[in-house]
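# Overview (structure and organization)
Here's the letter readout for the chains.
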Amino acid sequence: MNFNAMLVSFRFKNNRMKRIVLFLLAFCAIIISCKKVVRVPLNYSVENAQDTTPQDVYLMSTGTAYVDVEVKFLGGPATDSVTLEVRGVPAGITVSPSKATGIPTYYYKYVYTTKNMPVGTYPVSIVSSAPGTVTKTYNYNLIVIPADCGTLFIGNLNGSNNCSVRDITYVSEVTATDTANKVSVNNLGGYGLNTNTIVKLDCEHDSLHIASQNIGNGVTMSGYGTFTSNKMVIYYSAVATPGAPADVCTATLSK
């Protein structure tokens, strides 16, 4: 074989080797790429005891309130942690823990403490963060109420009813009683100005209760509900005539 033939043979083998090497490199790259695992971020929720996002917290002017918050694992890496931080708490109110980290599912018992705090509504937020996830912000209010939360509603309130029989609007007058956290609501449900309903308020749990009672005009009423600093929502049943069907209503009284 002459020199030129040998050179051609060498070039041919060299090119074929290069193609083999390039093919192997490409094949290895495909294998490595296929073995890469896409990391799924942690999926979680922040809820209170009622399986809802953090709700408003009611506080006495001086005192302590306890609120349970659950950081619930929903999916993703089971070893990733979540950090919660309470932000925007005004001077005069302290919260513990203000910042803490844990691996879901886990619970925090937040302790809110007040001392001579003025009555009012104070917006705050819980900010949560976890590796590889977008920061989440949960807004709610710290509502400081007087020792007798019934005083929040003294005066005239605008009422509206959503009922099984009728929907009406009316005006109710709320007056104090000789017992703290109990008020008398005139014309609740629009049953007449000579009707008065005793409503008991649970200040620490923003709930209310109406024991079965004759409110006047031959009407017997019972119910329950919730309230904020400027509104009561009452779910009640009332019977105006013995033996007649009950009037089942949702009454909203607001300032």
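Above: the structure in question.
Residues numbered from 1 in each chain as written. Predicted model: local features only at pLDDT ≥ 70, side-chain atom pairs only at ≥ 80, totals over all residues. Heavy atoms only, no water.

## As for the sheet that holds strand S10 (residues 155–163)
Across a sheet, paired strands are connected by hydrogen bonds in the backbone, their directions being either parallel or antiparallel. Convention followed: Pairing between strands is defined by DSSP: at least two bridges between them are needed. Segments assigned H or I by DSSP are reported as helices when at least four residues long, segments assigned E as strands when at least two residues long, and all are numbered from the N terminus. Here, axes are lines fitted to C-alpha atoms. For helices the fit covers the stretch in contact, and angles between N-to-C directions go from 0 to 180 degrees.
Taken in spatial order, the eight strands line up as S10-S11-S12-S13-S14-S15-S16-S17 and close into a barrel, and their pairing is antiparallel. Put simply, the sheet's adjacent strands are angled 30 degrees from each other on average, direction ignored. Across seven bridges, the pairing between strand S14 (residues 207–216) and strand S15 (residues 219–227) is antiparallel. Considered in S15, the bridge of Leu208 is made with Gly225.

## Some points on the nonpolar core
Nonpolar side chains tend to gather and get buried jointly when the protein is soluble and globular. The criterion, for reference: We define the nonpolar core as a collection of buried residues of types Ala, Val, Leu, Ile, Met, Phe, Trp, Tyr and Cys that are connected through side-chain atoms lying within 4.5 Å of one another. Partly exposed describes any residue whose relative accessible area lies between the buried limit of under 20% and the exposed limit of over 50%, with all areas from a 1.4 Å probe on protein chains only and scaled to the type maximum. A contact between two residues is defined here by any heavy atoms of the two lying within 4.5 Å.
Judged by nonpolar contacts, the single largest core of 30 residues is most densely connected at Leu188, Met232, Ile234 and Tyr236. Among the elements that make up this core, the one with the highest residue count is strand S16 (residues 231–239) (four residues). Excluding residues that lie within four positions of it along the chain, Ile234 makes contacts with Leu188, Leu208, Ile210, Tyr224, Gly225, Cys249, Thr250, Ala251 and Leu253. Listed in part, the 27 residues of the second largest apolar core include Leu42, Ile93, Tyr122 and Ala130.

## Concerning the packing of aromatic side chains
For the record, the criterion: Note on aromatic pairs: the rings of Phe, Tyr and Trp (six-membered ring only in Trp) are paired at centre separations within 6.5 Å, and the planes decide the class, stacked below 30 degrees, edge-to-face beyond 60, tilted for the rest. Charge-over-ring placement is defined geometrically: NZ (Lys) or CZ (Arg) within 6 Å of the ring centre, and within 35 degrees of the ring normal.
Tallied over the full model, the rule gives seven aromatic pairs. Ring centres of Tyr110 and Tyr112 lie 6.4 Å apart, and the angle between their planes is 35 degrees; on these two criteria the pair is classed as tilted. For Tyr110, a relative accessible area of 1% corresponds to the buried category. What makes Tyr112 buried here is its relative accessible area of 1%. Connected via pairs of aromatic rings, a cluster forms that spans Tyr106, Tyr108, Tyr110 and Tyr112. A cation sits over an aromatic face here: Lys136 above Tyr44, 4.1 Å from the ring centre.

## Remarks on the layout of surface pockets
Quick reminder of the rule: Only protein atoms enter the 1 Å grid, on which a cavity is a set of points fitting a 1.4 Å probe that cannot get out and a pocket is an open set with protein on both sides within 12 Å along at least 5 of 7 lines, lining residues being those with an atom within 4 Å of a point. Grid points are joined across faces, edges and corners, and a volume is the space filled by probe spheres set on the points. Polar here means any residue outside two lists: the nonpolar Ala, Val, Leu, Ile, Met, Phe, Trp, Tyr, Cys and Pro, and the charged Asp, Glu, Lys and Arg; Gly therefore counts as polar.
Roughly 740 Å³ of internal volume is contained in the largest pocket. Of all the secondary structure elements, the ones that give two or more residues to the lining of the largest pocket are strand S2 (57–60), strand S3 (63–75), strand S7 (106–114) and S15. Broken down by element, the lining of the largest pocket gets its largest block of residues, six residues, from S3. Of the residues in the lining of the largest pocket, the class split is 12 nonpolar, 10 polar and four charged.

## What about unusual backbone geometry?
Cis geometry marks the peptide bond from Ser96 to Pro97; its omega dihedral reads 0 degrees. Checked against the element boundaries, Pro97 lands in the loop between strand S5 (93–96) and strand S6 (99–102). One non-glycine residue with positive phi stands out, namely Asn116, at about 55 degrees. Even without a glycine there, the phi angle at Asn181 is positive, about 65 degrees. Within the element layout of this structure, Asn181 appears in the loop between strand S11 (169–176) and strand S12 (182–186).

## Quick notes on empty space enclosed by the protein
It is the rolling of a water-molecule-sized probe over the atoms that shows where space remains empty. Counting across every chain of the model gives one cavity of 30 Å³ or more. Here the largest cavity is characterised by a volume of approximately 50 Å³. Only S3 and S7 provide two or more residues apiece to the lining of the largest cavity.

## What about the sheet that holds S5?
Spatially, S1-S3-S7-S5 is the arrangement adopted by the four strands of the open sheet, whose pairing is antiparallel. Looking along the sheet, the strands with just one partner apiece sit at the ends: strand S1 (43–48) and S5. On average, each strand axis in the sheet is inclined to that of its neighbour by 20 degrees, with strand direction left out of account. Both S1 and S3 contribute to a ladder of six bridges, which runs antiparallel. When the bridges of S3 are listed, Glu47 appears paired with Glu70.

## Section: the side chain of Ser125
Note that Ser125 resides in strand S8 (residues 120–129). Setting aside residues up to four positions removed in sequence, Ser125 forms contacts with Glu85, Val86, Arg87, Thr137, Tyr138, Asn139 and Tyr140.

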